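Structure at a glance
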Amino acid sequence: MTEQQMKQNKQNQTLRGAEGFDLYYRNIFSERWDTLKEELLKESEPVSYNLDKGLNLRTYFLDAASIYAAMSLPVKGAREILDLCAAPGGKTLVLASLMDSDAKLTSNERSFERKMRLVKVCDEHMPESVRSRITVTCSDGSLWCRKKSECYDRILLDAPCSSERHVLNDKKYLDQWSPSRIKTLSMEQWALLSSACRLLKKGGYLVYSTCALAPQENDQVVSRLFKKFDDVEPVNKEDSEYKEIQNEYDKIKLFSPDFTIPAAEKTEFGYQILPDSSNGSGPIYFSIIRKKTAE
């Protein structure tokens, strides 16, 4: 560890509350922070998503950045799909609307209360032809790899995270904030991501996403995956192989007419959507990961 890193770690240990939060993220975003913070304090404007208006299904509302992260998982041709941390259910709706007619989706949530909310979203927002192919489960996704492996063609892992936009807009959580929360969450995220990697079939795709700003919860978690597992690789949206199987934008527009793809900034291993450059959408980070086929 360099002297500068040691100094930064020491500084982080003293950061607390609103003042510490502001200083911590100013160190990350520099002069951009004031503009970004101003956008984060504003109320986001979700877009509508409806799987079949002809059946009088309820309309769901979610952030455009969340739709973009979910639709970045290429579900075409996949038979077994997993949404490992699925509540409240918006991204499950996106996956369900895009998957093939013979595909099955398992939507998992470890919290019983949140799982019940997920069930309600599925029941109220999906036609029976889709709902009948959704299985909702309630358990800790980080432990799934102990019982099974390489059994899903596609996996979405929208991991629990710092959710700084919510923290910034809630005085109670802002007063309680400290960098230790980021460290704790990054350990939890790693446990979930390493489990998801083991559950993914060879040749399959995984999208890891968070609504966190901190790189420790985003690229750094994904970087650890590539160091640990030599059978996975990052996928660029411009890769020809990915473009052949990517989800169709026109299909998304059938369910969400007001949706437009938000501006995404490239990071080392993924993409980040920040509200100051995407008309208020985000923040969302996502990384597309592919498990190599057997040689």
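Keep in mind the model is a prediction, meaning the values are calculated, not measured.

**Regarding helix α2 (residues 17–29)**
With 13 residues, α2 ought to run about 18 Å at 1.5 Å a step, and its terminal C-alpha atoms sit 18 Å apart, in line with that. Inspection of α2 places Gly17, Gly20, Phe21, Asp22, Tyr24, Tyr25 and Phe29 among the buried residues, and these make up the whole buried set.

**Section: the state of the cysteines**
Disulfide: a covalent bond connecting the sulfur atoms of a pair of cysteines. Within this structure, the stated rule accounts for zero disulfides. Free cysteine: Cys145, not disulfide-bonded; nearest cysteine sulfur from Cys197 at 9.8 Å. Using a relative accessible area of 22% as the deciding quantity, one classes Cys145 as partly exposed.

**Considering the pairing of strand β5 (residues 134–137)**
Every other side chain in a regular strand lies on the same face of the sheet, so the side chains alternate between the two faces. Residue alternation in β5 divides its side chains into a buried set, Ile134 and Val136, and an unburied set, Thr135 and Thr137. As paired strands, strand β4 (residues 104–108) and β5 are joined by four bridges and run parallel to one another. Residue Thr106 lies in a different strand from β5, and its bridge partner there is Thr135.

**Some thoughts on the environment of Ala214**
Note that Ala214 resides in the loop between β7 (200–210) and α11 (219–228). Linking Ala214 and Lys183, residues 31 residues apart in sequence, is a C-alpha distance of 10 Å. Those residues in contact with Ala214 that sit more than four places away from it in its chain are Tyr25, Ile28, Glu164 and Ile182.

**Observations concerning the pattern of salt bridges**
Per the counting criterion, the structure on display carries 21 salt bridges. Notably, a salt bridge pairs Lys37 with Asp22, separated by 2.8 Å at the nearest N-O pair. Residue Lys37 is found in helix α3 (residues 33–40), and its partner Asp22 is found in helix α2; the two are separated by 15 residues along the sequence. With relative accessibility at 26%, the residue Lys37 sits in the partly exposed group. Here Lys201 makes a salt bridge to Asp153, at a shortest N to O gap of 3.3 Å. In this pair, Lys201 sits in strand β7 while Asp153 sits in strand β6 (residues 152–158), placing the two residues 48 residues apart along the sequence. The buried category is assigned to Asp153, whose relative accessible area is 15%. One network of salt bridges, in which partners are shared, links Asp22, Arg26, Asp34 and Lys37.

**Regarding α11**
Along α11, the residues classified as buried are Asp219, Val221, Val222, Ser223, Leu225 and Phe226. Buried residues along α11 sit against α10 (179–199), β7, β8 (232–234) and β11 (284–291).

**Quick notes on the packing of aromatic side chains**
Within this structure, the stated rule accounts for 15 aromatic pairs. Seen in terms of ring centroids, Phe21 and Tyr25 are 4.7 Å apart; in terms of plane orientation they differ by 45°. Their pairing is tilted. Within this pair, Phe21 and its partner Tyr25 are both found in helix α2, separated by four residues, close to a single helical turn. With respect to burial, Phe21 and Tyr25 carry one shared label: buried. Summarising the aromatic geometry, the rings of Tyr249 and Phe259 are spaced 6.1 Å apart at their centres and angled 50° between planes, so their arrangement reads as tilted. Taken together, the positions of Tyr249 in helix α13 (residues 249–255) and Phe259 in the loop between α13 and β9 (265–266) put the pair ten residues apart, joining distant regions of the chain. Residue classification places Tyr249 among the partly exposed residues on the basis of a relative accessible area of 29%. Its relative accessible area of 0% is what places Phe259 among the buried residues.

Cut-offs applied
- Residues numbered from 1 in each chain as written.
- Predicted model: local features only at pLDDT ≥ 70, side-chain atom pairs only at ≥ 80, totals over all residues.
- Heavy atoms only, no water.
- Helix = DSSP H or I, 4+ residues; strand = E, 2+ residues; numbered from the N terminus.
- Expected span 1.5 Å × (residues − 1).
- Buried < 20%, exposed > 50% of the residue type's maximum accessible area, 1.4 Å probe, protein only.
- Disulfide = S-S within 2.5 Å.
- Pairing = 2+ DSSP bridges.
- Contact = heavy atoms within 4.5 Å.
- Salt bridge = Lys/Arg side-chain N within 4 Å of Asp/Glu carboxyl O.
- Phe/Tyr/Trp six-rings, centres within 6.5 Å; stacked < 30°, edge-to-face > 60°.

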